[in-house]
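Remarks on the overall topology
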Amino acid sequence: MLDLDPSDLTAETLARAAVIIAVGILLFFSAVLSITVFTVNSALHDVVSLYLMSLSFADLLCALFIVPVSMYSCLVPGWNFMGDNSLLCKGYAYLQIVLFVSTLYTFAWIGVDRYAALMKPSKYETEQTLTRCKCWIAFSWLTATLLCCPVVVASMQVGYHPESELCVLKWWATKAYSITLAVLVFLPSVSTIAFTYYSVLVAMYRTHRLEDNQRMLLETDHNFVLVFFVFFCFVLSWLPALTLNLIPDNLIDPADSGTLNFVLIWLAIGGRSLGTLIYRKSHLRANVDCDPLWASSSTRGALWTSCSPSPPEGDTVCDDTRDGPSASLNFHKTEQTMFPASPLSTMLRLRPMRLLLAVLASFLLLLAPKALVTQNMAAPLAARVVYVTVPSLEVAKNISRSLVQGRFAACVNIVPGVTSIYVWENKVEESSELLLIIKTRKELIDSLQNEVKKLHPYDVNEFISLPIEEGSEPYMKWLQEQTQPQAPQ
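Rules and cut-offs
Residues numbered from 1 in each chain as written. Predicted model: local features only at pLDDT ≥ 70, side-chain atom pairs only at ≥ 80, totals over all residues. Heavy atoms only, no water. Helix = DSSP H or I, 4+ residues; strand = E, 2+ residues; numbered from the N terminus. Buried < 20%, exposed > 50% of the residue type's maximum accessible area, 1.4 Å probe, protein only. Contact = heavy atoms within 4.5 Å. Areas by Shrake-Rupley, 256 points an atom, 1.4 Å probe, with all protein chains shown as cover. Phe/Tyr/Trp six-rings, centres within 6.5 Å; stacked < 30°, edge-to-face > 60°. Lys NZ or Arg CZ within 6 Å of the ring centre and 35° of its normal. Salt bridge = Lys/Arg side-chain N within 4 Å of Asp/Glu carboxyl O. Patch = residues over 30% accessible without salt bridge, like charges linked within 9 Å, V, L, I, M, F, W, Y side chains within 5 Å. Disulfide = S-S within 2.5 Å. Axes fitted to C-alpha atoms, helices over the stretch in contact; angles between N-to-C directions. Parallel < 35°, antiparallel > 145°, perpendicular 65-115°, else oblique. Left-handed = near helix turned anticlockwise from the far one by under 90°. Nonpolar A, V, L, I, M, F, W, Y, C, P; charged D, E, K, R; others polar. UniProt positions renumbered as here; feature names shortened; annotations may be inferred.

1. Focus on the overall build of the protein chain
Looking only at helices and strands, the protein chain features 17 helices and eight strands. When each of the 489 residues of the protein chain is scored for burial, the buried share is 47%. Relative to all contacts within the protein chain whose residues are 6 or more apart in sequence, the contacts with residues 24 or more apart total 76%. If you sum the accessible surface of the protein chain, you get close to 24700 Å²; carbon and sulfur atoms cover 63% of it.

Shown next as structure tokens:
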């Protein structure tokens, strides 16, 4: 059950929760729809579809495990994944890294598949089989799962990242592991992706250097274009978030940097599913309009052209002449074109870009409430100032150090020379005391009060909590970072 405090549900909190929920819904339905279609439709049982099913499975895991925890953290400020280095925080960071590593591996295998299909078309059907593809997918997931185990079982430092509502591995604090992942995962995958995708892209633009069967494959197999679209969706979705980290801090208003980082991170998390979803829609549309069976991947583009409305003069036309279970295709080229004009190519050029721009614009609208409400002063969390009086300087320092070291408070001011007049046991008393001014977070008030009670010599000690209505963004951020009690080991 959610432990919600209505006073914590500010406009910014609700906007952040809405973004996370929207991304979760997009990931879930896109993944379920894609996996279902690829599974039940035998016409889509090809290598590329299996790799895209692996990407959809990663999206599904993200929607089921990553999104709900982040949404809970957003709605319950101060929960913070049960503290830095907690088991929940480590498991959360572990799953994120597994999904990222498996995604990199999958895009690398897709690049290898398309490279093999173009450079060795005669051997493609025998070398890139469905069984071998399934083995590569299983190997990728198993490798990602095992490589990321040290995040959970070893003394890796993970922590809550308030700007994105994520629990992440502190890469700079675990340099040895970071270098290991870079050598074993990042460099090989990125090198493979760069080489294969670049080689295929160059071949698609320099068709005069290819053999006839290679040119025919590029013109008939739309998987080349769609795979590039899915990959570019993934890259472009993460590009704004990565670019933001490279921009100097003085160029961005501190009041907006946190929200901007949040929007771009979650746009990146949900952005790749758009590419997979549009790929699936394009694939099915071509399938249904042309032929429910779609005998093989090498004939799909040709069958699509033959079943499309009559193309304009100069386009490639194909006739489908079937004889028994197999199909032979007779191609007639009036003028060489890279990709025949069709509703499919029109959709690839226009609809995806419009959809991506619409989603980006919707996410960026979240910046408006931040700018209007906070301006240059903001309280990003429910902060409190607590007053406690003590009888001596020794007691004051003892309590103050205990609170700060235990991270129950970010700062404690000791104010000497306080004269207190009060009633105790039906008598008016006067005492010389010191005042402790304690800065903390609302959700830590109970824990802080228990800690003070253990160390205070009075039977009934003063403990008064007042809300902090406004505070500078850097100070409030620092207060939040310094008040995160460590989880019990």
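2. So, the packing of aromatic side chains
Describing an aromatic ring pair means giving the distance of the ring centres and the angle of the ring planes. If you walk through the whole model with that rule in mind, you get 17 aromatic pairs. Put simply, the rings of Phe107, Tyr197, Phe228, Phe231, Phe232 and Phe234 pair up and form one aromatic cluster. It is Arg16 that lies over the ring of Phe262; its NZ or CZ is 4.6 Å from the centre.

3. Looking at the environment of Tyr177
With respect to the helices and strands, Tyr177 occurs in helix H7 (residues 175-205). Here Tyr177 falls in the buried class, since its relative accessible area comes to 8%. For the pair Tyr177 and Pro150, spaced 27 residues apart in the sequence, the C-alpha separation amounts to 8.3 Å. If we ignore the near neighbours within four places in the chain, the residues touching Tyr177 are Leu147, Cys148, Pro150, Val151, Met156 and Leu169.

4. Regarding the pattern of salt bridges
Oppositely charged side chains are able to pair whenever their charged atoms sit close together. Inspection of every chain in the model, using the stated rule, returns eight salt bridges. Note that Asp84 and Lys170 form a salt bridge whose closest N and O atoms lie 3.9 Å from each other. Residue Asp84 is located in the loop between helix H2 (47-75) and helix H3 (87-119), and its partner Lys170 is located in the loop between strand S2 (166-169) and H7; the two are separated by 86 residues in the primary sequence. Residue classification places Asp84 among the buried positions, given a relative accessible area of 8%.

5. Concerning a nonpolar patch on the surface
Together, Ile21, Ile25, Phe28, Phe29, Val32, Leu64 and Phe65 make up an exposed nonpolar region whose accessible area comes to about 610 Å². If you list the elements that add at least two residues to the nonpolar patch, you get helix H1 (11-40) and H2. Among the elements that line the nonpolar patch, the one with the most residues is H1, at five residues. Looking at the element boundaries, Phe28 is found in helix H1.

6. Some words on the state of the cysteines
Summed over all chains, the structure comprises one disulfide. Covalent S-S linkage joins Cys89 and Cys167, the inter-sulfur distance amounting to 1.4 Å. Of this pair, Cys89 sits in helix H3 while Cys167 sits in strand S2, and the two are 78 residues apart along the sequence. According to the relative accessible area criterion, Cys89 is buried, its value standing at 0%. For Cys133, which is in no disulfide, the shortest distance to another cysteine sulfur is to Cys135 and amounts to 9.1 Å.

7. Quick look at the packing of H2 against H3
In contact at an axis separation of 10 Å, H2 and H3 are set at 165° when each is read in the N-to-C sense. Relative to H3, the element H2 lies roughly antiparallel. Two packed elements cross with a definite hand, and for H2 against H3 that hand is left-handed. Its residues placed into classes, the contact of H2 with H3 shows 17 nonpolar, five polar and two charged.

8. Looking at the UniProt feature "transmembrane region" (unreviewed entry) in the protein chain
Those residues carrying the UniProt feature "transmembrane region" (unreviewed entry) are residues 14-38, 50-72, 92-112, 133-156, 176-203, 224-247, 259-279 and 355-373 in this numbering. Along residues 50-72 one finds 100% helix and 0% strand; the C-alpha atoms at either end are 33 Å apart. Summarising residues 224-247: 96% helix, 0% strand, and an end-to-end C-alpha distance of 34 Å.

9. Overview of unusual backbone geometry
The backbone of Arg407 shows a phi angle near 60°, a positive value even though the residue is not glycine. For Arg407, the location among the structural elements is in the loop between helix H15 (393-405) and strand S6 (411-424). Positive phi values are uncommon outside glycine, yet Glu425 reaches one of about 55°.

10. Some thoughts on the packing of H3 against helix H8 (residues 212-220)
Two numbers describe a pair of packed helices, the interaxial angle and the distance between the axes. Look at H3 against H8: their axes get within 9 Å of each other, and the N-to-C directions meet at 135°. With respect to each other, H3 and H8 are oriented oblique. Along its contact with H3, which presents Ala117, Leu118 and Met119, the element H8 presents Gln214, Leu217 and Leu218. For the contact of H3 with H8, the class distribution of residues is five nonpolar, one polar and no charged.

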